[in-house]
Amino acid sequence: MSEKRWYAVYTRPRAEKKILQALTERGIEAYLPLIKTLRQWSDRKKMVELPLIPSYVFVKIELPQFQKVLEVDGALGFITFERKKVPIPEKQMKALMGIVEHGMDVEATAENIHSGDKVRICSGPMRGTKGEVVNIAGKNRFVLRIDMGYTLIVDIQGAEITKV
């Protein structure tokens, strides 16, 4: 039997929560990072949970389960490189889960952020994670690159990181 690994599944837009539910009902370990944000309509404001990375759900599966995932309505395909499904390292998934679980100020961008100082986080939920620092809007922010073309930008104090 093969080892379970994390993969990113590309989904139909705005269908992430339904797909997460369908995967879970089929016994597939799935994760959807959600962030709370304030949305304003013409008549009211409301806190809503939105996907951190739109149109993606993460699954932890073995090779025989790939087809079972794609049978879910709205699951469009896996992230691939040279036609091979790309596993996401467990350490990166744990860091992503830690960011969301601890309510860190985070945003996702598909932009290619230029490299700065290489650092390691010394404390907090992301302890031991390596990344790079950029200066955005006058704040030092820690950048964690994940293997699917996205970059996570997290507010972090300079005292919590060391240069490597």
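All values reported here derive from a predicted model rather than from experimental measurement.

Chemist: Residue-level account of the layout of surface pockets, with values.
Modeler: Space inside the largest pocket adds up to approximately 250 Å³. If you go around the largest pocket, you meet 13 residues; those closest to its centre are Arg14, Glu16, Glu49, Leu50 and Pro51.

Chemist: Outline the pattern of salt bridges, listing residues and values.
Modeler: One pass over the full model with this rule turns up three salt bridges. Residues Lys60 and Glu90 are paired through a salt bridge, measuring 3.1 Å at the closest nitrogen-oxygen approach. A residue pair is termed long-range when its members are at least 10 positions apart, and Lys60 in strand β5 (residues 56-61) and Glu90 in helix α3 (residues 90-101) qualify at 30 residues. The class for Lys60 is buried, based on a relative accessible area of 17%.

Chemist: Describe the pairing of β5, naming the residues involved and giving the relevant values.
Modeler: For β5, the tally of buried residues reaches six of six residues, placing the bulk of the element in the interior. Of the two faces of β5, the one holding Tyr56, Phe58 and Lys60 and the one holding Val57, Val59 and Ile61 are both buried throughout. Pairing between strand β1 (residues 5-11) and β5: six bridges, direction antiparallel. Of the residues in β5, the one forming a bridge with Tyr10 is Tyr56.

Chemist: With reference to specific residues and values, describe helix α1 (residues 16-25).
Modeler: Restricting attention to buried positions, one finds in α1 the residues Glu16, Ile19, Ala22 and Leu23. For α1, the arc enclosing every buried residue in end-on projection is 125°, short of the 170-degree limit, so these residues lie on one face. Of the residues in α1, the exposed ones pointing more than 90 degrees away from the buried face are Lys18 and Glu25. Looking at the packing, one finds that the buried side of α1 touches β1, β2 (29-31), β4 (45-51), β5, α2 (66-70) and β6 (75-78). Where α1 ends, the next residue or the one after it, Gly27, has phi of about 80°, a positive value.

Chemist: So what about unusual backbone geometry? Which residues, and what values?
Modeler: Phi at Arg14 is positive, roughly 60°, even though this residue is not glycine. By the secondary structure assignment, Arg14 is in the loop between β1 and α1. Phi at Glu82 takes a positive value of approximately 50°, unusual for a residue other than glycine. Looking at the secondary structure, you find Glu82 in the loop between β7 (80-81) and β8 (84-85). Overall, Glu82 belongs to the exposed group, its relative accessible area being 65%.

Chemist: So what's going on with the packing of aromatic side chains? Residues and values would help.
Modeler: Where two aromatic rings form a pair, the distance of their centres and the angle of their planes describe that pair. Enumeration over the complete set of coordinates arrives at four aromatic pairs. For the ring pair Tyr7 and Phe66, a centre distance of 4.9 Å and an interplane angle of 70° mean the geometry is edge-to-face. Of this pair, Tyr7 sits in strand β1 while Phe66 is found in helix α2, placing the two residues 59 residues apart along the sequence. Judged by its relative accessible area of 6%, Tyr7 is buried. Aromatic pair Tyr7 and Phe78: ring centres 6.2 Å apart, planes at 85°, arrangement edge-to-face. Residue Tyr7 is found in strand β1, and its partner Phe78 is found in strand β6; the two are separated by 71 residues along the sequence. Grouping residues by exposure puts Tyr7 and Phe78 together as buried. Taken together, Tyr7, Phe66 and Phe78 form an aromatic cluster joined through their ring pairs. Directly above the aromatic system of Trp41 lies the positively charged group of Arg44, at a separation of 4.9 Å from the ring centroid. A cation over an aromatic ring shows up here: Lys85 above the ring of Phe66, its NZ or CZ 5.0 Å from the ring centre.

Calculation criteria
- Throughout this document, residue positions are counted from 1 along each chain, in the order its sequence is written.
- In keeping with the model being predicted, local features are shown solely for residues with a pLDDT of at least 70 and side-chain atom pairs are shown and tallied solely at 80 or more, while totals for entire chains, interfaces and linings include all residues.
- The side-chain quantities take in all heavy atoms of the structure and omit both hydrogens and water.
- Buried and open spaces are told apart on a 1 Å grid over the protein atoms alone, a cavity being a set of points where a 1.4 Å probe fits but cannot get out and a pocket being an open set with protein on both sides within 12 Å along at least five of seven lines. Residues with an atom within 4 Å of a point are the lining residues.
- Grid points are joined across faces, edges and corners, and a volume is the space filled by probe spheres set on the points.
- Each reported salt bridge corresponds to a side-chain nitrogen of Lys or Arg within 4 Å of a carboxyl oxygen of Asp or Glu.
- The numbering of helices and of strands both runs from the N terminus, where a helix is a DSSP run of H or I of at least 4 residues and a strand a run of E of at least 2.
- Each residue is placed in one exposure class: buried if its accessible area under a 1.4 Å probe, protein chains only, is under 20% of its type's maximum, exposed if it is over 50%, and partly exposed if it falls in between.
- Strands pair, by our definition, only if DSSP identifies at least two bridges between them.
- The reported arc concerns the directions from the helix axis to the C-beta atoms and nothing else.
- Throughout, a residue-residue contact means that at least one pair of heavy atoms, one from each residue, lies within 4.5 Å.
- Aromatic pairing here means that ring centres of Phe, Tyr or Trp (its six-membered ring) are within 6.5 Å. Orientation follows from the plane angle: under 30 degrees is stacked, over 60 is edge-to-face, and everything else is tilted.
- Here, a charge over a ring is recorded when the distance from Lys NZ or Arg CZ to the ring centre is within 6 Å and its angle to the ring normal is within 35 degrees.

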